[in-house]
Amino acid sequence: MKNITRMSGPLILSIQYASLFITIAGAFFVSWTFSWILVALLFFYLYSAIGVSMMLHRYFSHKSFEFKNPILKWIFTGISIISSRGSPIAWVHIHREHHAYPDTDRDPHKPGKFSLFSFRTTYIKELKLFLIKDVLTKEQKFIHEYYLLFILAWCISLLLINPLLFYFAWALPVCLNQIAQDLWNYFSHVNVGYRNFETKDNSRNVTWLWPLILGESWHNNHHNAPSITTKVKKWEFDPINYIIGLVNK
Ligand SMILES: [Zn+2]
Ligand SMILES: [Zn+2]
């Protein structure tokens, strides 16, 4: 298997920058109709809520639930891949490091420092195999090794169907998702929002992040007890938990 650190930061960030440049350059050429904006929004939530929150975060990183149907497991794994946030192996490594060393120098999100499209949030500085032992399956190693090819295949398919689909179903939503993830990484660990639990870290529940990242905005609840849902208080709505329930019905 190719070096995991090499297959994390530079690769993931190249994909994110590609989405940023295409979004900016293409903005002058595409037609900004209501339908296409709706497509972008749908894919933004597909990548963000399903690809990242449900799959990379709750399923792969925290093992918060299991799929009853193995076919659905692979369909949703596919969504996690095309969300373009890195292979499950790379994402799990970075996220478990964040939970193991939150708000310290060893936290890959470098708390308290905000930046967009930053190398550091996707970079595995030192490989810690013990963090990812359970995800190093044959299938996941394959996905990790050929991750870029999966993304290219997805982009080429969209381009062939309709170049506007490539813009509104990949470049724009992937770019927006990078911004949403950067905002989440930063604001969920600074002195905004509120805390339900006195955890050892500085995690916060940030209500205004909800439109972007849905139930993931209850981040203090999540740090206190990572589980299938982030909901603790009655009004802390977590639609991702309902989606998991629907998929596993
Ligand atoms: Zn987590
Ligand atoms: Zn956190």
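Refer to the structure above for everything that follows.
Everything quoted here is computed from the prediction, not taken from an experiment.

*Asks:* Would you explain the coordination of the zinc ion (ligand 2) in this entry?
*Replies:* Angles at a metal have ideal values that depend on geometry: 109.5 degrees with four tetrahedral donors, 90 or 180 degrees with six octahedral donors. Protein coordination of the zinc ion (ligand 2) is provided by His98 (NE2), His189 (NE2), His219 (NE2) and His223 (NE2), with donor distances spanning 1.9 to 2.0 Å. In primary sequence terms, the donor set of the zinc ion (ligand 2) follows H-x90-H-x29-H-x3-H. One end of the pair, His189, is in the loop between helix H8 (163-187) and helix H9 (210-213); the other, His223, is in helix H10 (residues 219-224), and 34 residues separate them in sequence. Assigned by exposure class, His189 and His223 land together as buried.

*Asks:* Explain the side chain of Asp107 here, please?
*Replies:* Structurally, Asp107 is set in the loop between helix H4 (88-100) and helix H5 (129-132). By relative accessible area, Asp107 is classed as buried at 1%. Only 3.0 Å separates the side chain of Asp107 from the side chain of His98, close enough to count as a polar contact. Here Asp103 takes part through its backbone nitrogen, which lies 2.9 Å from a polar atom of the side chain of Asp107. Leave out the neighbours within four places in its chain, and Asp107 touches His98, Tyr101 and Pro102.

*Asks:* Would you take a moment to explain the coordination of the zinc ion (ligand 1) for this structure?
*Replies:* On the protein side, the zinc ion (ligand 1) has His57 (NE2), His62 (NE2), His95 (NE2), His99 (NE2) and His222 (NE2) as donor atoms, found 1.9 to 2.1 Å from it. Sequence positions of the residues that donate to the zinc ion (ligand 1) give the spacing H-x4-H-x32-H-x3-H-x122-H. One end of the pair, His57, is in helix H2 (residues 34-61); the other, His95, is in helix H4, with 38 residues separating them in the sequence. For His57, a relative accessible area of 0% translates into the label buried. The class for His95 is buried, based on a relative accessible area of 4%.

*Asks:* Can you help me understand the packing of helix H3 (residues 70-82) against helix H6 (residues 138-145) in this one?
*Replies:* Contact pair H3 / H6: the axes reach a minimum separation of 12 Å and the direction vectors enclose 25 degrees. Judged on the interaxial angle alone, H6 and H3 are roughly parallel. Like other packed secondary-structure pairs, H3 and H6 cross with a definite hand, here right-handed. Contacts between H3 and H6 involve Trp74, Thr77 and Ile81 from the first element and Glu139, Gln140 and Ile143 from the second. Of the residues in the contact of H3 with H6, the class split is three nonpolar, two polar and one charged.

*Asks:* Even after reading the chapter, I still don't get the packing of H2 against H4, so can you show me in this structure?
*Replies:* Two quantities define a packed helix pair, namely the angle between the axes and the distance from one axis to the other. Running from N to C, H2 and H4 point in directions that differ by 70 degrees, and their axes come no closer than 10 Å. Looking at the two axes, H2 sits roughly perpendicular to H4. On the side of H2, the interface is formed by Val52, Leu56, His57, Phe60 and Ser61, while H4 contributes Pro88, Trp91, Val92, His95, Arg96 and His99. For the contact of H2 with H4, the residue count by class is six nonpolar, four polar and one charged.

*Asks:* Teacher, can you tell me more about the environment of Phe43 here?
*Replies:* Along the chain, the position of Phe43 falls in helix H2. Distance from Phe43 to Leu172, taken between C-alpha atoms, is 9.1 Å for residues 129 residues apart in sequence. Sequence-distant contacts of Phe43, that is, excluding residues within four places in its chain, are made with Trp154, Phe168, Ala169 and Pro173.

How each quantity is defined
- Note that residues are indexed from 1 along each chain, following the sequence as it is written.
- Starting at A for chains and at 1 for ligands, labels are handed out in the order in which the entities are written.
- At least 70 in pLDDT is required for a residue's local features to be given in this predicted model, at least 80 for side-chain atom pairs to be given and counted, and no such filter applies to totals for whole chains, interfaces and linings, which use all residues.
- Here the side-chain values reflect all heavy atoms present in the structure, with hydrogen atoms and water set aside.
- For Na, K and Ca the donor cut-off is 3.2 Å; for every other metal, N, O and S atoms count as donors within 2.8 Å. Water does not enter the count, which can leave sites looking incomplete.
- Counting from the N terminus, the helices are the DSSP runs of H or I reaching at least four residues and the strands are the DSSP runs of E reaching at least two.
- For the exposure calls, accessible area comes from a 1.4 Å probe over protein chains only, and a residue counts as buried if that area is under 20% of its type's maximum, exposed if over 50%, partly exposed in between.
- Whenever two N or O atoms come within 3.5 Å, that pair is a polar contact, provided that in protein one can donate a hydrogen and the other can accept it, and provided that, for residues adjacent in sequence, both atoms are side-chain atoms.
- Contact criterion: two residues are considered in contact whenever any of their non-hydrogen atoms come within 4.5 Å of each other.
- Axes here refer to lines fitted to C-alpha atoms; in helices the fit is confined to the stretch in contact. Angles between the N-to-C directions go from 0 to 180 degrees.
- Should an angle fall under 35 degrees it is called roughly parallel, over 145 degrees roughly antiparallel, and 65 to 115 degrees roughly perpendicular, with every other angle called oblique.
- Should the near helix be turned anticlockwise from the far one by less than a right angle, the crossing is left-handed, and should it be turned clockwise, the crossing is right-handed.
- Amino acids are sorted into nonpolar (Ala, Val, Leu, Ile, Met, Phe, Trp, Tyr, Cys and Pro), charged (Asp, Glu, Lys and Arg) and polar (every other residue, Gly among them).

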